[in-house]
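Overview (structure and organization)
If you want the building blocks of each chain, they are given just below.
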Amino acid sequence: MSEKSMLQKVYAQVDKLPTPLKTRAFTLLFGRAVKYFKTSGLKFEWIEPNHSIVVIKNRPTVQNHIGTVHAVAMIMIAESATGALVGLNVPANAIPVIKRMEVDYRKRAAGDMRAEAMLTQEQITMMQTEERGEVDVAVTITDGESKEPIFVRAIWAWTPKRKG
């Protein structure tokens with residue numbers, strides 16, 4: 001992968017920083033590109049090209065009617081954690097898009113929420129070498145009690161950017 005995308009260039013710059021500053025800087029810059037990420041107060045707790053963690057605090061602006069993190073906010077941290085990884089690995093001339101998400105709400109969540117996403121080396125190689133494709137990005141959502149109240153499966157695709 002010779003040419004880098006904007007997200008890859010941003011990551012290359014912040015990767016030189018100590019982890020707390022790196023995640024803060026990446027959160028800020030990612031939030032400038034993805035406005036809804038910033039508006040919702042999401043934060044990267046960890047970011048590497050194969051592993052990301054996105055968190056959201058359980059606060060009134062993201063709560064549902066029972067005082068837990070809203071269902072859509074839980075999906076949003078999953079999308080952000082998985083999407084960042086895809087964006088860091090597809091070629092610069094490609095655009096990543098969420099193709100499908102499967103969601104299974106299993107139990108009531110408690111406290112803050114955390115989405116941890118991972119890619120295998122095989123998936124990374126495929127994204128970096130194929131013009132288009134799709135990938136099933138592993139993501140685990142845990143709550144403040146380290147339980148998994150929601151199961152999410154995120155399928156991302158990438159395709160060459162349209163010219164013009």
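What this report covers is the structure whose coordinates are included nearby. Please read all numbers here as calculations on a predicted model, not as lab measurements.

About the cut-offs
Residues numbered from 1 in each chain as written. Predicted model: local features only at pLDDT ≥ 70, side-chain atom pairs only at ≥ 80, totals over all residues. Heavy atoms only, no water. Helix = DSSP H or I, 4+ residues; strand = E, 2+ residues; numbered from the N terminus. Rg over C-alpha atoms; globule rule 2.2 N^0.38 Å. Buried < 20%, exposed > 50% of the residue type's maximum accessible area, 1.4 Å probe, protein only. Contact = heavy atoms within 4.5 Å. Areas by Shrake-Rupley, 256 points an atom, 1.4 Å probe, with all protein chains shown as cover. Lys, Arg positive; Asp, Glu negative; His and termini not counted. Charge placed at Lys NZ, Arg CZ, Asp CG, Glu CD. 1 Å grid on protein atoms, 1.4 Å probe; cavity = no way out; pocket = protein on both sides within 12 Å on 5 of 7 lines; lining within 4 Å. Points joined across faces, edges and corners; volume = space filled by probe spheres on them. Nonpolar A, V, L, I, M, F, W, Y, C, P; charged D, E, K, R; others polar.

Before going further, it helps to examine the overall build of the chain. A count of helices and strands for the chain gives five helices and six strands. When the helices and strands of the chain are placed in sequence order, the string is α-α-α-β-β-α-β-β-α-β-β. Whereas a compact globule of 164 residues would reach a radius of gyration of roughly 15 Å, the chain reaches 16 Å, a difference of no more than 12%. Residue burial in the chain is summarised as follows: out of 164 residues, 42% are buried. Intrachain contacts of the chain at a sequence separation of at least 6 include 66% that bridge at least 24 residues. Summing over all exposed atoms, the chain offers an accessible surface of approximately 9,100 Å²; the carbon and sulfur share of this is 54%. Charged side chains of the chain number 23 positive and 17 negative; the gap between the two group centres comes to 8 Å.

Next up on the list: the layout of surface pockets. By volume, the largest pocket is sized at about 640 Å³. In terms of lining residues, the largest pocket is bounded by 28 residues, among which L7, F30, A33, V34 and P96 are the most central. Put simply, the parts of the chain that give the lining of the largest pocket at least two residues each are α1 (6–14), α2 (19–33), α3 (35–39), α4 (71–89) and β3 (94–105). Element by element, the count of residues in the lining of the largest pocket is highest for α4, at six residues. For the lining of the largest pocket, a count of residues per class yields 19 nonpolar, four polar and five charged. By volume, the second largest pocket is sized at about 220 Å³. Along the wall of the second largest pocket there are 15 residues; nearest its centre are E45, V55, I56, K57 and D112. Mapped by element, the contributors of at least two residues to the lining of the second largest pocket are β1 (43–48), β2 (51–56) and β4 (113–118). With three residues, the single largest contributor to the lining of the second largest pocket is β1. Partitioned by chemical class, the residues of the lining of the second largest pocket number four nonpolar, four polar and seven charged.

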